[in-house]
Protein chains: 2
Amino acid sequence: MTVQIYWGSGSPFAWRALLAAEIKRVPYESKLLEFSKGDLKTPEFLALNPRGKVPVLRDADFVIGESLAIMSYLDRKQPDPPLFGRTAEDTGRIWVAIEDFDSYLRDPITTINRWLFGDKPRTPEVDEAHGKVMAEIARFEQRIGRGPWLVGNVPSAADIVWFPPMRILVRAGVRAEARARELGLFPFVDVFPNIGAWIARVEALPGYANTFPPHWR
Amino acid sequence: MTVQIYWGSGSPFAWRALLAAEIKRVPYESKLLEFSKGDLKTPEFLALNPRGKVPVLRDADFVIGESLAIMSYLDRKQPDPPLFGRTAEDTGRIWVAIEDFDSYLRDPITTINRWLFGDKPRTPEVDEAHGKVMAEIARFEQRIGRGPWLVGNVPSAADIVWFPPMRILVRAGVRAEARARELGLFPFVDVFPNIGAWIARVEALPGYANTFPPHWR
């Protein structure tokens, strides 16, 4: 199969879809949309995804949005190598790691990223989000110190979900250095060396370069 | 297999785990914990789930928390009937429906439920959450009018994820009638008749009564 993946540079959710396709070696046609040009609000794109969000996957007449849906679809369509584990136990562990991010870190990390790249003063909301982010990342730092990948000996959907937000924080530390230092997040890979080593492992995967946000270069 | 499921009455996430076990007819031992007695903060329970949250599933030595992880584990361990579809396309559609809830409705509906059962005045935050909740539920009302279940002709993980929050809103409309009316949510099954009919279908599933929150009776 050759699918089309619609994505936007630097979207952590779109990044998941690209990493999934690369790790599974699913041939795909890259459809890079530009947020700033309004590409996600055109009638053509809204016909594919009424929410006007990336990622979107198109496989002939079948079209879906939402990153976990795209990863699950690709994994059913071309099962090897599996993104969600070879055993029921690994499947369970991989989903725990995904929910650790989506349920406990996704919202506070969004708040922190907005603050890092903005010019607003710290608010109690930022402080609360900061506390959650530090606790969850410290937990992740410990966990990723126990093996090369989050679950088992191969990269899985869990690594794919965690990678983009962690890599975005590394960049935030460079681009918004003073603010990142104020949060105790910088230099990110010195503060969290296990995460740094794991980021390097992800970046060494074949095809990784195809997923790197073009506007970061 | 016989697993143990730790749950709490009325937790929408724990409810998912029970519904999954009932629909798949996985034998399970029900471990009902009482939030008000501090059952989730005992050393014994924190050893099972350091987050002190339900649901938790135990299968001999294997223990996991997080509802989607538990559903995915059960589905791998005992594949029939599948919770996540028989085709790649249905798998994709089921995950889109799950993410429609978890990404767009979970947070605003939590805000609305806190307000409904509290005594605080409306704030701009409540108004913003209300707008999102009404838009997503109207979308769901349309969608569930197109077939008996969210995806395909059998109940799936998508129905399991959507059912508890919708059923909680029905109850909110009864318990907090004035406030629910103020939000345009009451009587819920009159405002959203397709959702009402679907709720009745879920409630007619074998084993449903075992999942009903005891403190609602």
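Right above here is the structure, for reference.
Draft legend 1. Quick look at the nonpolar core. Formed by 156 residues in total, the largest nonpolar core has its most connected members in Met166(A), Ile195(A), Trp198(A), Met166(B), Ile195(B) and Trp198(B). If we ignore the near neighbours within four places in the chain, the residues touching Met166(A) are Leu105(A), Ile109(A), Ile137(A), Phe140(A), Phe188(A), Ile195(A), Trp198(A) and Ile199(A).

Draft legend 2. Quick peek at unusual backbone geometry. Residues and elements named next belong to chain A. Following Val-54, the chain continues into Pro-55 via a peptide bond in cis, with omega recorded as 5 degrees. Positionally, Pro-55 belongs in the loop between helix H2 (43-48) and strand S3 (56-59). Of note, the amide linkage connecting Asp-80 to Pro-81 takes the cis form, showing an omega dihedral of -5 degrees. Here Pro-81 is to be found in the loop between helix H3 (67-77) and helix H4 (88-104). At Glu-66, a residue that is not glycine, the phi angle is positive and equals roughly 75 degrees. On the basis of relative accessibility, which here comes to 11%, the residue Glu-66 falls in the buried class.

Draft legend 3. A look at empty space enclosed by the protein. All names here are of chain A. Applying the stated criterion across every chain yields a total of two cavities of 30 Å³ or more. Lining the largest cavity, in full, are Leu-19, Ile-23, Trp-149, Pro-155, Asp-159, Ile-160, Phe-163, Val-202 and Leu-205. Elements represented by at least two residues in the lining of the largest cavity include exactly helix H1 (12-24) and helix H7 (157-175). The biggest single contributor to the lining of the largest cavity is H7, with three residues. Among the residues forming the lining of the largest cavity, the class breakdown is eight nonpolar, no polar and one charged. For the second largest cavity, the calculated volume is near 30 Å³.

Draft legend 4. Main features of the environment of Arg146(A). Residues and elements named next belong to chain A. Mapped onto the elements, Arg-146 comes out in the loop between helix H6 (124-144) and H7. For Arg-146, a relative accessible area of 68% corresponds to the exposed category. Here the alpha-carbon distance between Arg-146 and Glu-203, two residues 57 residues apart in the chain, equals 19 Å.

Draft legend 5. Spatial organisation of the layout of surface pockets. Residue and element names in this part refer to chain A. Quantified by volume, the second largest pocket comes out at close to 630 Å³. Considering the residues around the second largest pocket, the lining is formed by 24 residues, among which Val-96, Asp-100, Arg-139, Arg-143 and Arg-146 are closest to the centre. For the lining of the second largest pocket, a count of residues per class yields 11 nonpolar, five polar and eight charged.

Draft legend 6. Fine view of the interface of chain A and chain B. Each partner contributes residues to the interface: chain A has 33 residues there, and chain B has 33 residues. Counting each side, the surface lost to burial between chain A and chain B is near 2800 Å², with a carbon and sulfur contribution of 52%. Three residues, Arg51(A), Arg76(A) and Glu99(A), lead the burial of chain A against chain B; their summed loss comes to 23% of the area buried on that side. Our count for the chain A to chain B interface comes out at six salt bridges. Residue Arg51(B) is joined to Glu136(A) by a salt bridge in which the shortest nitrogen-to-oxygen separation is 2.8 Å. Counting across the chain A and chain B interface gives 22 residue pairs in polar contact (both at pLDDT 80 or more). Every element with two or more residues in the side of chain A that touches chain B is listed here: strand S4 (62-65), H3, H4, helix H5 (106-116) and H6 of chain A. Sort the elements by how many residues they give to the side of chain A that touches chain B and H4(A) lands first, with 12 residues. Broken down by class, the residue content of the side of chain A that touches chain B amounts to 10 nonpolar, eight polar and 15 charged.

Draft legend 7. Spotlight on the pattern of salt bridges. Residues and elements named next belong to chain A. What the rule picks out here adds up to 32 salt bridges over all chains. The partner of Glu-128 in a salt bridge is Lys-132, with the nearest N and O atoms 3.3 Å apart. You can see Glu-128 and its partner Lys-132 sitting in helix H6, four residues apart, about one turn around the helix.

Draft legend 8. Structural context of the relation of the copies chain A and chain B. The two copies are related by a screw motion: chain A maps onto chain B through a turn of 180 degrees and a shift of 0.0 Å along the axis, at an RMSD of 0.0 Å. Such a combination of rotation and displacement between the chain copies is what one expects of a two-fold axis. Looking at the rotation axis and the C-alpha trace of chain A, the residue lying nearest is Asp102(A), at 4.3 Å. Comparing interface residues between copies, 100% of those in chain A also sit at the interface in chain B, which points to an isologous, same-surface contact.

What counts, and at which threshold
Residues numbered from 1 in each chain as written. Chains lettered and ligands numbered in written order. Predicted model: local features only at pLDDT ≥ 70, side-chain atom pairs only at ≥ 80, totals over all residues. Heavy atoms only, no water. Core = buried A, V, L, I, M, F, W, Y, C linked by side-chain atoms within 4.5 Å. Buried < 20%, exposed > 50% of the residue type's maximum accessible area, 1.4 Å probe, protein only. Contact = heavy atoms within 4.5 Å. Helix = DSSP H or I, 4+ residues; strand = E, 2+ residues; numbered from the N terminus. 1 Å grid on protein atoms, 1.4 Å probe; cavity = no way out; pocket = protein on both sides within 12 Å on 5 of 7 lines; lining within 4 Å. Points joined across faces, edges and corners; volume = space filled by probe spheres on them. Nonpolar A, V, L, I, M, F, W, Y, C, P; charged D, E, K, R; others polar. Buried area = accessible area lost by both parts, 1.4 Å probe. Salt bridge = Lys/Arg side-chain N within 4 Å of Asp/Glu carboxyl O. Polar contact = N/O pair within 3.5 Å; in protein donor to acceptor, adjacent residues only side chain to side chain. Least-squares fit on C-alpha atoms with pLDDT ≥ 70 in both.

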